[in-house]
Amino acid sequence: MRTSVLLLLLVAAGAAVAAAEEENAEEEDEVARPTLFGEHGPPPFFDYDCDVANTKPGRVADWNEFYAYVQKTVSFNEADYSFPEAYRHLLVGPLAEAAEKECPLGVLYLRVLLFYDVYHYDSPSHDEIMGAADYIQYLLRSFPVYAIALSRWPIFYVFDHFAPTHREQSQYFCDGEYGVLDWAALREKSNRWMDMKRSRTGPGDVDALVHEIGDDFLTILRRKESQNQAQEECEFGFYFLIANQVVAAAGRETHHLPPFNYIMDKIMSGIPFMRVAACGWPIFAVLVIFSDLNKGIWFFGGDRKYLRGYSDWNLRRDELSPLLPGGLDFLSPAWRAEAGQGAEALARLSGPAFQHEVRARMHRREEADGEPIRPLVREIVEAALAVAAATSSTSSAGASGRRMAYVVLLYGKKWSVILARMARRLRQLQVVHPLLVIAIGEEASRACRSLAAGHIDGGDELGQPPAPHVVCWSPASQSQVHRFTAIHAMLHLGVDVLYMDMDTYLLRDPAPRILEQAASGRRGGSPFATQAGEGDDAGPLEALFARHADADCINIGVFYLRATERTAVWMSQYLAWYHDHPFEIDQRGLHVFLGLWSKQLSIAYKPHDLVKVRAGILEDVNEIVIGDVGWAGALSRMFIFHWCHRPIELKELELNAAYDAGDALEAYNLPLSLALDSNKAALPGSAWDKVLLFRDILGAYQKDSPPERTFCW
């Protein structure tokens, strides 16, 4: 690649920020334009998709029903953008104000449709056109461009669809301008590139054109003078290049996004959308591509499981901490104080007192809100109570009195089979902590309920240890975000969590080792010292994460979080950040939020008031290891093997071989870790043969020395 996106962004970041700051300084004396939310923008965890607006009493519309209509009318290059008369009452009449408050982006979409319906088929006056356009502009500037684009409402699709109906204004083409760039040549390339994207031309031809456009942008960014000159020479050509870089940065180097987003926000709030549509540059078309980033329908690929939209979360912002009254504003100082102190207090309560206090707080919330807690929220509270009951029945809290759950995210039919094997493995290891399963989809939910009822293979055999208590929670949408909503709720309910991916295998119970490190305060892992922290930072660790043994960033396949006043609020801040910025990656965000060192890993929009938690790293070379990376040391020291990014077919084969080995030794009451380290030969088809097969699998990933550690991006 002749000009890498990374290089472009590294050069761009400082320059764009400087330009934005200068623009800010010039506008300080201007009167701020009104928005829906005043000067602060939408609140954290805002319901951009209006997915849960229907759950509030007194709603004026079924926005999910309206979105179902939108889905039927919008498809790639074939869409019906006529105004739906059935929804006119949401824009005109006594319900209009309430509808806009309930779902402002849904209303914005309708207003754009109505604008073009009137613009083309009626004979509005100039004042009527401008009045309608100004109101659309008012709604546009109330939201970040990325939030509009990444919502489920196809707003930029409509603008792009109707752009050709505006007579192009040749003064914005910049034909004949040969200053910093040959702007006419760039415009020709930009429109040719967009035609290729729409026709889904093969990546080879498109990539070559992308490189050319990238080189043009780099030419501008090399000197500050060139940036100013470019904006003066060709305003909309420059904006097209900025929009392009938003798409490029959102795909990977997200920490470079804020200055580009700042400029795009200024464009959408300050320049009439009709002028953008008539400028002759495919700016709206680029924003259509950006809109697909978290959907993967038309321009971007990827596994839907790892993409996320605002409507994936299923919970309102007032429901994230299940026991707090809805009248407390999420992440306000009062909310933070009550949420943090409440989590700390619950974590310290004994079993019966915990059960009583949780139910009392739930009742107080319902009385304060004047309505019952929704079933989905009640179910996560009941899951915490079930964890507490299981903890009390097995005395797994020990002298500390703390409750902890193993947590897994179960997704899909194949993994439902593995769940039963995992539960049996936990029984073999005599794990005393309950297993909380976040079951995504009906098949996963059914498999979990079966295990929760005690249906574990071999569970009735004489002399077998008791099966682990299995607790289920099944959210409505099929999205991986629910591992975080469930863990967030557990922390707020005073329950510690030990999370594991489903593609991990436990050679030994890791909980005693992890809890011992947390209690000691040892941070672990270079560049952390191995001794406990000092001063205000001393004390038990509140977070411990696995890490890539060949890199300087965490891996979220295994991690531990302790329910404290700080971690409860910290996790709330993470949840809000992760929800509000669907272009960000969960793992990178958690690394930065933990305050762990990394040479170059960064994110966008980190909270300025982020709560600091005491965090550390689990041993990643021999104890909690990743197959792709390799491991070094002794099998007897290994706790967890994580297949991580291995091909799914290989992963499934080797995982089952691991469980076969553990099951084969169950009758012998012999630890698998000991058998792996001592067994040298076996009869074909025997129990020991299965142990040897698993040892061979592990041996294939073993290295003579620890992997060389490099830097994460």
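Use the structure listed above.
Bear in mind the structure is a predicted one, so any value in this text is a computation, not a measurement.

Procedures and definitions
- Residues numbered from 1 in each chain as written.
- Predicted model: local features only at pLDDT ≥ 70, side-chain atom pairs only at ≥ 80, totals over all residues.
- Heavy atoms only, no water.
- Buried < 20%, exposed > 50% of the residue type's maximum accessible area, 1.4 Å probe, protein only.
- Helix = DSSP H or I, 4+ residues; strand = E, 2+ residues; numbered from the N terminus.
- Pairing = 2+ DSSP bridges.
- Arc of directions from axis to C-beta.
- Contact = heavy atoms within 4.5 Å.
- Axes fitted to C-alpha atoms, helices over the stretch in contact; angles between N-to-C directions.
- Parallel < 35°, antiparallel > 145°, perpendicular 65-115°, else oblique.
- Nonpolar A, V, L, I, M, F, W, Y, C, P; charged D, E, K, R; others polar.
- Salt bridge = Lys/Arg side-chain N within 4 Å of Asp/Glu carboxyl O.
- Left-handed = near helix turned anticlockwise from the far one by under 90°.
- Expected span 1.5 Å × (residues − 1).
- Core = buried A, V, L, I, M, F, W, Y, C linked by side-chain atoms within 4.5 Å.

Draft legend 1. Broad picture of the pairing of strand 9 (residues 554-561). With eight of its eight residues buried, strand 9 lies for the most part within the structure. Pairing of strand 6 (residues 496-500) with strand 9, which is carried by four bridges, proceeds in the antiparallel orientation. The partner of M500 across the bridge, within strand 9, is V558. In the sheet, strand 8 (residues 543-547) pairs with strand 9 via five bridges, with the strands oriented antiparallel. Considered in strand 9, the bridge of A543 is made with L561. The turn joining strand 8 and strand 9, which pair antiparallel and follow one another in sequence, is formed by six residues.

Draft legend 2. Focus on helix 19 (residues 442-452). Along helix 19, the residues classified as buried are A444, S445, A447, C448 and L451. Along the axis of helix 19, the buried residues cluster in a sector spanning 165°; they form a single face. Packed against the buried residues of helix 19 are strand 3 (404-411), helix 18 (413-428), strand 4 (435-440) and strand 5 (470-473). Count one or two residues on from helix 19 and you reach G454, which has phi positive near 95°.

Draft legend 3. Highlighting the packing of helix 10 (residues 224-233) against helix 11 (residues 235-250). Following both chains from N to C, one finds helix 10 and helix 11 inclined at 120°, their axes separated by 5 Å at the closest point. As the angle between them shows, helix 10 and helix 11 are arranged oblique. Judged by residue contacts, Q227, A230, Q231 and E233 of helix 10 engage E235, F238 and Y239 from helix 11. Grouping the constituent residues of the contact of helix 10 with helix 11 by class yields three nonpolar, two polar and two charged.

Draft legend 4. The pattern of salt bridges, seen in detail. Counted under the stated rule, the structure contains 36 salt bridges. Of the charged contacts in the structure, one is a salt bridge between E357 and R361, with a shortest N-O distance of 2.9 Å. With E357 and R361 both in helix 16 (residues 351-369) and four residues apart, this pair spans about one turn of that helix. Here E357 falls in the partly exposed class, since its relative accessible area comes to 21%.

Draft legend 5. Just the packing of helix 8 (residues 183-199) against helix 14 (residues 283-291), in detail. Contact geometry for helix 8 and helix 14: axes closest at 10 Å, N-to-C directions at 40°. Between helix 8 and helix 14 lies a crossing whose hand is left-handed. Judged by residue contacts, W193, M194, K197 and R198 of helix 8 engage A285, V286 and I289 from helix 14. Residues of the contact of helix 8 with helix 14, tallied by class, amount to five nonpolar, no polar and two charged.

Draft legend 6. Expanded view of the sheet that holds strand 9. Strand order in this open sheet of seven strands is 5-4-3-6-9-8-10, and the pairing throughout is mixed. Each end of this open sheet is capped by a strand with a single partner; those strands are strand 5 and strand 10 (615-617). Neighbouring strand axes in the sheet, compared pairwise and without regard to direction, differ in orientation by 30° on average.

Draft legend 7. How the structure looks around helix 26 (residues 687-700). Here helix 26 spans 21 Å end to end across 14 residues, near enough to the 20 Å set by a 1.5 Å rise per residue. Among the residues of helix 26, those classed as buried are A687, V691, L692, F694, I697 and L698. Packed against the buried residues of helix 26 are strand 7 (504-506), strand 12 (640-642), helix 24 (648-664) and helix 25 (672-678).

Draft legend 8. Seen up close, the environment of R695. On the secondary structure map, R695 appears in helix 26. Between the C-alpha atoms of R695 and L676, which are 19 residues apart in sequence, the distance is 5.9 Å. Filtering out sequence-adjacent residues up to four positions away, R695 remains in contact with L635, L676, D677, N679 and K680.

Draft legend 9. Structural view of the nonpolar core. In this structure, W63, Y109, W153, F156, F159, W183 and F290 are the most contacted members of the largest nonpolar core, which totals 105 residues. In terms of residue count, helix 11 provides more of this core than any other element does, 11 residues in total. Ignoring sequence-local partners within four residues, the contact set of F290 consists of Y146, A149, L150, V246, V247 and A250. Residues A384, V387, F484 and Y578 belong to the second largest nonpolar core, which totals 75 residues.

Draft legend 10. Region of interest: the environment of G454. Looking at where G454 falls in the secondary structure, it is placed in the loop between helix 19 and strand 5. Exposure remark for G454: the relative accessible area of 45% places this residue in the partly exposed category. For the pair G454 and H469, spaced 15 residues apart in the sequence, the C-alpha separation amounts to 8.1 Å.

Draft legend 11. Here's a closer look at unusual backbone geometry. Of note, the phi angle at C174 is positive, near 70°, even though the residue is not glycine. Note on placement: C174 falls in the loop between helix 7 (155-162) and helix 8. For Q430, which is not a glycine, the phi torsion comes out positive at approximately 55°. One can find Q430 in the loop between helix 18 and strand 4.

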